[in-house]
Amino acid sequence: MGFSAAVSNSPRILPSSAFASETTAKRKICSLPSLCRSLSLLHGQPRFRLSSASQLGKRISPTIHVAASVTVSKSMDEVHLPKGDMWSVHKFGGTCVGTSQRIKNVADIIINEDSERKLVVVSAMSKVTDMMYDLIFKAQSRDDSYVSALDAVLEKHSLTAHDLLDGDELASFLSCLRNDVNNLKAMLHAIYIAGHATESFTDFVVGHGELWSAQMLSSVIRKNGIDCNWMDTREVLIVNPTGSNQVDPDFLESERRLEKWFSQNPSKTIIATGFIASTPQNIPTTLKRDGSDFSAAIMGSLFKARQVTIWTDVNGVYSADPRKVSEAVILRTLSYQEAWEMSYFGANVLHPRTIIPVMQHKIPIAIRNIFNLSDPGTTICHPLVTEDEDDQTLDSPVKGFATIDNLALVNVEGTGMAGVPGTASAIFGAVKDVGANVIMISQASSEHSVCFAVPEKEVNAVAEALQSRFQQALDAGRLSQVAVIPNCSILAAVGQKMASTPGVSATLFNALAKANINIRAIAQGCSEYNITVVVKREDCIKALRAVHSRFYLSRTTIAMGIIGPGLIGGTLLDQLRDQAAVLKDEFNIDLRVMGITGSRIMLLSEVGIDLSQWRELLKEKGEVANLEKFTQHVHGNHFIPNTVLVDCTADSHVASYYHDWLRKGIHVITPNKKANSGPLDQYLKLRALQRKSYTHYFYEATVGAGLPIVSTLRGLLETGDKILRIEGIFSGTLSYIFNSFIGSRSFSEVVAEAKEAGYTEPDPRDDLSGMDVARKVIILARESGLKLELSDIPVQSLVPEPLKASASAEEFMRQLPLFDHDWTKERKEAEEAGEVLRYVGVVDAVNQKGNVQLRRYKKEHPFAQLSGSDNIIAFTTKRYEKQPLIVRGPGAGAQVTAGGIFSDILRLASYLGAPS
């Protein structure tokens, strides 16, 4: 026989007047249980008689009574309870009263608060409620350690009381505390023997923490000369259990009892217990999850208070979980509906039911940080009346985002569902029967399927129930399947302005698409206070960051990996270093270099590399380079939704990874020509993947360093122009050489000068061979729609045939003067004809071919007007047939090439949502 079978009556609360005596006038007596005459535990077992100090030897009632907060009025005249703005309600959680010093701090806040009247709701000291639940668990598990655990509870409160109180206040509290603990010990012993505790007995035991903290705090305030009483809210708050671990307040009965309590305990400062209440039958109960917040809200409603302040250990309500979004901001105001929606979807705001009591009276709720009194916190209130459109601010229509993890989707689908009344009722009736909680529902208007989300731990029971309920329909083919999709999370966007702002859904879905997040289900109510999407669990944080950034609640943040920190890559890193602050402050762009890798060593960071000393860090903290590990590190940071790898090498091996990176949702930016000029089938595969995904692949710097050549060509094609011919000097190195090859200067002398100035590759033959120009030609040809291989482009090499086999660059440079005579002769022939030598690449789109060769141009031709290392490209199109479109500018040098890459990075940031 269990404990519940042995106890005929649950513990009850009797009016405090029933226990009053002349000796206790205007004084509180202990909140002690006088236990039932006997607890018949097992048939034939002995009975136990327990009594509290207040019984004074009287025969104990068969009903368990709880005497608490007893006071006798001075006169027979009842004191009326004033209500309204003169009252402010404050709630302090367990952390706020966790130590004696924190209780003193709470007392100071109450004393210094300027309201005429104050009601303060307190929780049990930090960890005490858990300790009380543990007592019940140990006792019903027949674990003897419940005795020592209860002694630890006694010691914790005794030590705290000694720190706070003295004299009669200390003696009175310690006497009550010891009495309570003795009676709890007897009750726990009975539970130990029975091996079971009813819910009402459990609620009675765990509520003691609030009783003790309320008594101590009220004593500290009285010690400071303030008139103060404490309230055992079990005498006042009456609630009706509704199942599903919830209760509904009985406001009419609670108001009647409050009037009676106040008439006997008039005070301008009241310290009330949170979390605990009574049923209409005076049986102790609790307000369940976040019960103290609920207590404060109910009290605010009963007193018609000016404001309810919830004191906690954070500065307010954040726009997103700051543990997942480091740039989350404090929301200074929220409407009741916004707070309700965010709390339902897991945001650390308030429990939704906490808002209900104050909402009907339009009482604001303030969330404030007890450890940061200067911060105003968040105010939850009735939304302000909207001003005319000219006065509206540019605030984001979305106030914040919340997530729920560990969910599964259940999809019930079949053609036999369409138009059949009662199908949805049958589905959710089966779900209800197994006690599962439906978090979200989505159904298309075709009625072909119903999709809903439930906690993952409940999904197996739900699936089995649905399979059983619809077995006949499944066998007959009217339903095709009951499918379970595990490992899901919900992301909810909340904001009252969403209803009046067009395009919010589009912006949300666009942000998710650009972060390469696939949406599995969508739900939105007609009120439009929230839009809910279901995503893969592993994508949840990434999705949260992406949408948070997109609505300007934080910077557009991009995780970057730099491959090849040589001349070009190193210059880019220095440019990023110099511009980082400006990008953050003025353009809301946060570029975080999470990794730098060369061919031998790499440097990784979890939060972003300090670019002011990246060279030193690479040497001191670098590890062995591993491109796959590098990629996983940069892309695996779920706190940053967007990843870009910047390939600053000329390595075909690195380029071979582009397709895999794009497929994984990693953006790619590069000046490396190898991918776009490599095998045609690989190029076409790469471009096809880019076009069908939201992953970007930018390569402006592959053709003209920092010149807008690729983007100009794209612009012409996208606006309907037709390319006829592209002709240009594409090599800054060869432009410099032939611009300098004048007068009496020899060819070898000019090449040596270009090498010394850093214009050429370490081996000048790489430039003189013409292959670099050929790769640029093939890139532009393919961009123009020509399907050509690199081998289809005839290339005139400038390397003398005998020197192609030179063993080294140094050997080549020593032998090159032997051929100066041939070059001088060719130059003079051109000069005599009024022409100059220029090394050009040509895309002949009409005839679908290309070539690279040394050509002669008249001195008045634009190509003859170049100086230094300038590039020049002429686009002949249907629109620009008579007068080609010319793009001209520096085409070589680390600064301009790095600048071109940087420009692509900023273009990516713009596409991902940064303000333009």
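The structure presented is a predicted model; accordingly, all values stated were derived computationally and were not measured. (Residues numbered from 1 in each chain as written. Predicted model: local features only at pLDDT ≥ 70, side-chain atom pairs only at ≥ 80, totals over all residues. Heavy atoms only, no water.)

A. Quick look at a nonpolar patch on the surface. A grouping of W340, Y344 and I356 is seen on the molecular surface, where their side chains present a nonpolar patch of about 270 Å² in accessible area. Among the structural elements, Y344 can be located in helix 10 (residues 336-344). The exposure class of Y344 is partly exposed, given its relative accessible area of 37%. (Patch = residues over 30% accessible without salt bridge, like charges linked within 9 Å, V, L, I, M, F, W, Y side chains within 5 Å. Areas by Shrake-Rupley, 256 points an atom, 1.4 Å probe, with all protein chains shown as cover. Salt bridge = Lys/Arg side-chain N within 4 Å of Asp/Glu carboxyl O. Helix = DSSP H or I, 4+ residues; strand = E, 2+ residues; numbered from the N terminus. Buried < 20%, exposed > 50% of the residue type's maximum accessible area, 1.4 Å probe, protein only.)

B. The side chain of R827, seen in detail. The topology assignment puts R827 in helix 30 (residues 820-832). We classify R827 as buried; its relative accessible area is 5%. Beyond its immediate stretch of four places on either side in the chain, R827 contacts F741, I742, G743, S744, R745 and L837. (Contact = heavy atoms within 4.5 Å.)

C. How the structure looks around the pattern of salt bridges. What the rule picks out here adds up to 45 salt bridges. In this structure, K288 and D203 form a salt bridge, with 3.6 Å as the shortest nitrogen-oxygen distance. Placement of the pair is K288 in the loop between strand 11 (284-286) and helix 9 (291-303) and D203 in helix 6 (residues 199-206), with a sequence separation of 85 residues. Neither residue differs from the other here; K288 and D203 are each classed as buried. Residue D772 pairs with K673 through a salt bridge whose shortest N-O separation is 3.2 Å. Of this pair, D772 sits in helix 28 (residues 771-783) while K673 sits in the loop between strand 29 (667-669) and helix 22 (680-692), placing them 99 residues apart in sequence. Residue class for D772 comes out partly exposed when judged on its relative accessible area of 23%. One connected set of salt bridges, linked through shared partners, spans E327, R545, K584, D590 and R592.

D. Inspection of the sheet that holds strand 29 at higher detail. Pairing is mixed across the open sheet formed by seven strands, whose spatial order is 27-26-25-24-28-29-30. Among the strands making up the open sheet, the edge pair consists of strand 27 (623-624) and strand 30 (697-698). In this sheet, strand 26 (residues 601-604) lies alongside strand 25 (residues 589-597) in antiparallel orientation, the contact comprising three bridges. The residue bridging T597 from the neighbouring strand is M602, located in strand 26. The strands that helix 18 (residues 614-621) touches are strand 25, strand 26 and strand 27; relative to strand 26, the one it contacts most, it runs at about 110°. (Pairing = 2+ DSSP bridges. Axes fitted to C-alpha atoms, helices over the stretch in contact; angles between N-to-C directions.)

E. Seen up close, helix 15 (residues 504-514). Turning to helix 15, its buried residues are V504, L508, A511, L512, A513 and K514. N516, located one to two residues past helix 15, shows a positive phi value of around 65°.

F. Geometry of the side chain of T557. Tracing the backbone shows T557 in strand 24 (residues 556-563). Take T557: its relative accessible area is 1%, and that puts it in the buried class. For T557, the contacting residues outside a window of four places in its chain are E327, R545, S549, D590, R592, I640, P641 and N642.

G. Main features of the nonpolar core. If you look at the biggest cluster of nonpolar residues, it comprises 70 residues, and the most contacted ones within it are W661, I726, I737 and F738. The element that contributes the greatest number of residues to this core is helix 28, accounting for seven residues. I110, L150, V220 and I271 belong to the second-largest nonpolar core, a separate cluster that totals 52 residues. (Core = buried A, V, L, I, M, F, W, Y, C linked by side-chain atoms within 4.5 Å.)

H. Inspection of unusual backbone geometry at higher detail. With phi around 50°, K304 is a residue other than glycine that occupies positive phi space. Tracing the backbone through its elements, the reader meets K304 in the loop between helix 9 and strand 12 (307-312). Judged by its relative accessible area of 30%, K304 falls in the partly exposed class. Here Q848, not a glycine, exhibits a phi torsion of approximately 55°, which is positive. Structurally, the position occupied by Q848 is in the loop between strand 32 (835-844) and strand 33 (849-858).

I. Representation of the sheet that holds strand 22 (residues 521-524) within the structure. Here we have six strands laid out as an open sheet, ordered 19-20-18-21-23-22, and antiparallel in their pairing. Edge positions in the sheet fall to strand 19 (440-443) and strand 22, since each of these pairs with one other strand and no more. Ignoring which end each strand starts from, the neighbouring axes of this sheet average 30° apart. Pairing geometry for strand 19 and strand 20 (residues 449-455), over four bridges, is antiparallel. Residue pairing for strand 20: I441 is matched across the bridge by F452.

J. Main features of the packing of helix 5 (residues 167-194) against helix 7 (residues 208-223). Following both chains from N to C, one finds helix 5 and helix 7 inclined at 175°, their axes separated by 11 Å at the closest point. In terms of their interaxial angle, helix 5 and helix 7 are classed as roughly antiparallel. Contacts between helix 5 and helix 7 involve E169, F173, C176, L177, D180, V181 and L184 on the former and, on the latter, H208, W212, Q215, M216, S219 and R222. In terms of residue class, the contact of helix 5 with helix 7 is built from seven nonpolar, three polar and three charged. (Parallel < 35°, antiparallel > 145°, perpendicular 65-115°, else oblique. Nonpolar A, V, L, I, M, F, W, Y, C, P; charged D, E, K, R; others polar.)

K. Up close: the environment of T597. Examined against the element boundaries, T597 turns out to sit in strand 25. Each C-alpha atom of the pair T597 and P565 lies 6.9 Å from the other, and the pair is 32 residues apart in sequence. The contacts of T597, once residues within four sequence positions are left out, are I562, I563, G564, P565, M602, A625, L627 and F630.

L. Spotlight on the packing of helix 4 (residues 146-164) against helix 5. Packing of helix 4 against helix 5 leaves a shortest axis separation of 10 Å and a crossing angle of 170°. On the basis of the axis angle, helix 4 is roughly antiparallel to helix 5. Each of Y146, V147, L150, D151, L154, H157, S158, A161 and H162 in helix 4 lies in contact with helix 5, whose residues at this interface are L170, F173, L174, L177, R178, V181, L184, K185, L188, H189 and Y192. Grouping the amino acids of the contact of helix 4 with helix 5 by side-chain chemistry returns 13 nonpolar, four polar and three charged.

M. Representation of a negative patch on the surface in the model. Together, D822, E826, E829 and E832 make up a region of like negative charge exposed at the surface. Relative to the assigned elements, E829 resides in helix 30. Note on E829: relative accessible area 38%, which makes it partly exposed. (Lys, Arg positive; Asp, Glu negative; His and termini not counted. Charge placed at Lys NZ, Arg CZ, Asp CG, Glu CD.)

N. Just the environment of N406, in detail. Among the structural elements, N406 can be located in strand 18 (residues 400-413). Sequence-wise, N406 and N487 are 81 residues apart; in three dimensions their C-alpha atoms are separated by 6.3 Å. Setting aside chain neighbours within four positions, we find N406 in contact with P455, E456, C488, S489 and R537.

O. Fine view of the pairing of strand 23 (residues 530-536). The element strand 23 is extensively covered by neighbouring structure, given that six of its seven residues are classed as buried. Sheet analysis places strand 22 next to strand 23, joined by four bridges and oriented antiparallel. Opposite A521, over in strand 23, you have V534 as the bridge partner.

P. Examining the pairing of strand 5 (residues 117-122) more closely. Across the six residues that make up strand 5, a large majority, six, are buried. Burial of the side chains of strand 5 extends over both faces: R117, L119 and V121 are buried on one face and K118, V120 and V122 on the other. Assessed by its sense of winding, the connection that carries the chain from strand 4 (residues 87-92) through helix 2 (residues 100-112) to strand 5 is right-handed. By the bridge criterion, five bridges tie strand 5 to strand 9 (residues 269-273) in an arrangement that is parallel. Along strand 9, the bridge assignment pairs K118 with T269. (Right-handed = clockwise from strand over helix to strand, strands pointing away.)

Q. How the structure looks around the confidence of the model for the chain. Considering every residue of the chain, the mean pLDDT works out to 86; 88% of them sit at 70 or more. Low pLDDT, under 50, characterises residues 12-76; the stretch is placed with 150 contacts to residues that sit more than four places away or in other chains. Between residues 385-394, whose pLDDT stays under 50, and residues either more than four places distant or in other chains, the model counts three contacts. (pLDDT = per-residue confidence, 0-100.)

R. A look at the state of the cysteines. Using the criterion set out here, one finds zero disulfides in the structure. Counting only cysteine sulfurs, C488 is the nearest neighbor of C451, a cysteine outside any disulfide, at a range of 8.3 Å. For C451, a relative accessible area of 11% corresponds to the buried category. (Disulfide = S-S within 2.5 Å.)

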